[in-house]
Amino acid sequence: MVAATVLKAGPLSVVDYRCEAGPGDRPYAEQHGSFSVSYVRKGSFGCRCRGRTYELVAGSVLVGHPGDEYTCTHDHHGGGDECLSFHLAPDLAEAVGGGTAAWRTVALPPVPGLVVLGELAQAAAEGRSDLGLDEAGMLFAARFAETVAGRAHPAPLPAARERRRAVETALWLDENAHEPVDLDAAAAQAGLSPFHFLRLFSRALGVTPHQYLLRCRLRRAARLLAEDARPVTDVAYDVGFGDLSNFVRTFRRAAGVSPRRFRRAARGERNLLQERIAAPLLG
């Protein structure tokens, strides 16, 4: 594991984690030292914490509570994983909200509002945006707290062999998100009937295959909008949306602002983000 601190600003620090562990590496117990929300930008890994196992893929969020012990596993993917992790001092975690239960969530599946803000924060971390990384981190943490406030308790996970199928298909979906992919094609990739695959994928990863596909596209769209000057229409088609109006509607629902306003925010128009922090964030 390589960890590089990219920001330390008062109650917030941001760490870039890159792990090359694979199925042959022995997992070991670790302990969270602070409140944290980590955006998985690449790869896949599992997390065992307080008697449950969670599978995380690109777009997922790992949640840390000080003192909680956890074990990361890499049974299903040997290509490494990367996270952008936001560590919050206790006062900031309290201000963000959510209460103790929120900070003991352990993990969240890819959520539209979190994947676009995660990509925005990543752009800021890499210097591809004039946006302050501290601002992006606080916005990401605030959206996390709102998301958890309305989230139901997760259903039990399938067996490890079945989870592997779900994770491998999620990686395939991520690689092919720019193509016209439907449920039948994803199910065939997993070697299952569409109905069985839908149930398995949803139980293993917390989202349906179509929801995950859309969130892969949203992640890439947010990345392109932050770093690229190409027209919004080109971004929509390049990431896999076949209709511009559908892309704009879906992106606005996820980010709370239009693609053009998101691009302006990524380039440093902080008043747009301050509006989003001050007002209730849309689902």
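These notes cover the structure that comes with them. Within every chain, residues take consecutive numbers counted from 1 along the sequence as written. In keeping with the predicted nature of the model, local features appear solely for residues at pLDDT of at least 70, side-chain atom pairs appear and are counted solely at 80 or more, and the whole-chain, interface and lining totals rest on all residues. To get the side-chain values, all heavy atoms of the structure are used, and hydrogens and water are removed first.

## Quick notes on the packing of helix α3 (residues 112–125) against helix α10 (residues 244–255)
Axis angle and axis distance: for two packed helices, these are the angle between their axes and the distance between the axes, and together they describe the pair.
Line of reasoning, step 1. Convention adopted: a line fitted to C-alpha atoms gives each axis, helices being fitted over their contacting stretch, and angles between N-to-C directions are expressed from 0 to 180 degrees. Numbering of helices and strands starts at the N terminus; helices are DSSP runs of H or I of at least 4 residues and strands are runs of E of at least 2. Contact geometry of α3 with α10 gives a least axis separation of 7 Å together with a crossing angle of 85°. Judged on the interaxial angle alone, α10 and α3 are roughly perpendicular. The segment α3 lies against α10, with P112, G113 and V116 engaging F251, A254 and A255.
Line of reasoning, step 2. Classification convention: Asp, Glu, Lys, Arg as charged; Ala, Val, Leu, Ile, Met, Phe, Trp, Tyr, Cys, Pro as nonpolar; all other residues, Gly among them, as polar. Taken together, the residues of the contact of α3 with α10 break down into five nonpolar, one polar and no charged. Angular relationships are summarised with four words: roughly parallel below 35 degrees, roughly antiparallel beyond 145, roughly perpendicular across 65 to 115, and oblique for the angles in between. Contacts are assigned to residue pairs that have any heavy atoms within 4.5 Å of one another.

## Considering the packing of α3 against helix α4 (residues 133–149)
Line of reasoning, step 1. In contact at an axis separation of 9 Å, α3 and α4 are set at 165° when each is read in the N-to-C sense. One finds that α3 runs roughly antiparallel with respect to α4. Pair α3 / α4 crosses with left-handed handedness. Where α3 abuts α4, its residues G113, L114, L117, G118, A121, A124 and A125 lie against L133, A136, L139, F140, R143, F144 and T147. Crossing handedness is read from the near helix: turned anticlockwise from the far helix by less than a right angle, it gives a left-handed crossing, and turned clockwise, a right-handed one.

## Quick look at helix α7 (residues 194–205)
Line of reasoning, step 1. Its twelve residues place the ends of α7 16 Å apart at the C-alpha level, agreeing with the 16 Å of an ideal helix rising 1.5 Å per residue.
Line of reasoning, step 2. Here's how the labels work: a residue is buried when its accessible area is under 20% of the maximum for its type, exposed when over 50%, partly exposed in between, all with a 1.4 Å probe on protein chains only. Three or more residues of α7 are buried, namely F197, L200, F201, A204 and L205. Burial along α7 is one-sided: seen end-on, the buried residues are contained in an arc of 95°.
Line of reasoning, step 3. One or two steps after α7, the chain reaches G206, where phi turns positive at roughly 85°. Expected helix span is computed as 1.5 Å times (number of residues minus one). Think of it as the arc spanned by the lines of direction from the helix axis to the C-beta atoms.

## Quick word on the sheet that holds strand β6 (residues 52–57)
Line of reasoning, step 1. The criterion for strand pairing is that DSSP finds at least two bridges linking the strands in question. Across the sheet, which stays open at both edges, the four strands sit in the order β3-β8-β5-β6 with antiparallel pairing between neighbours. Each edge of the open sheet is held by one strand with a lone partner, namely β3 (29–31) and β6. Put simply, the sheet's adjacent strands are angled 35° from each other on average, direction ignored.
Line of reasoning, step 2. Here helix α5 (residues 160–175) sits on the sheet in contact with β5 (44–49) and β6, set at roughly 15° to β6.

## Some details on unusual backbone geometry
Line of reasoning, step 1. For R50, which is not glycine, the phi torsion reads 50° and is therefore positive.
Line of reasoning, step 2. Residue position: R50 is located in the loop between β5 and β6.
Line of reasoning, step 3. For V106, which is not glycine, the phi torsion reads 80° and is therefore positive.
Line of reasoning, step 4. In this structure, V106 sits in the loop between α2 (99–103) and β10 (107–108).

## Some words on the environment of L88
Line of reasoning, step 1. Within the fold, L88 resides in strand β9 (residues 81–88).
Line of reasoning, step 2. Residue L88 is classed as buried on the basis of its relative accessible area, which comes to 4%.
Line of reasoning, step 3. Setting aside residues up to four positions removed in sequence, L88 forms contacts with P11, L12, S34, F35, V37, A93, V96, W103 and A141.

## Regarding the sheet that holds β9
Line of reasoning, step 1. The strand order across the open sheet formed by six strands is β1-β2-β9-β4-β7-β10, and the pairing between neighbours is antiparallel. Each end of this open sheet is capped by a strand with a single partner; those strands are β1 (2–9) and β10.
Line of reasoning, step 2. Bridge count for strand β7 (residues 61–64) against β10 is two bridges, and the pairing is antiparallel. Residue pairing in the sheet places L62 in a bridge with A107 of β10.
Line of reasoning, step 3. Sitting on the sheet, α3 is in contact with β4 (35–42), β7, β9 and β10, with an inclination near 85° to β4.

## Focus: the side chain of R263
Line of reasoning, step 1. Structurally, the position occupied by R263 is in helix α11 (residues 259–266).
Line of reasoning, step 2. Note that His is not counted, nor are the chain ends; the positive residues are Lys and Arg, and the negative ones are Asp and Glu. For this analysis, a salt bridge means a side-chain nitrogen from Lys or Arg found within 4 Å of a carboxyl oxygen belonging to Asp or Glu. Within the buried set, R263 has no salt-bridge partner at all; the shortest N-O distance to an opposite charge, 5.4 Å, is to D228.
Line of reasoning, step 3. With near-sequence residues (within four places) excluded, R263 lies in contact with L224, L225, D228, A229, R230, V232 and V235.

## Notes on α11
Line of reasoning, step 1. Residues P259, F262, R263, A265 and A266 constitute the buried set of α11. Taken around the axis of α11, the buried residues stretch over an arc of 160°, which confines them to a single face.
Line of reasoning, step 2. Directly beyond the C-terminal end of α11, a positive phi value near 110° is found at G268.

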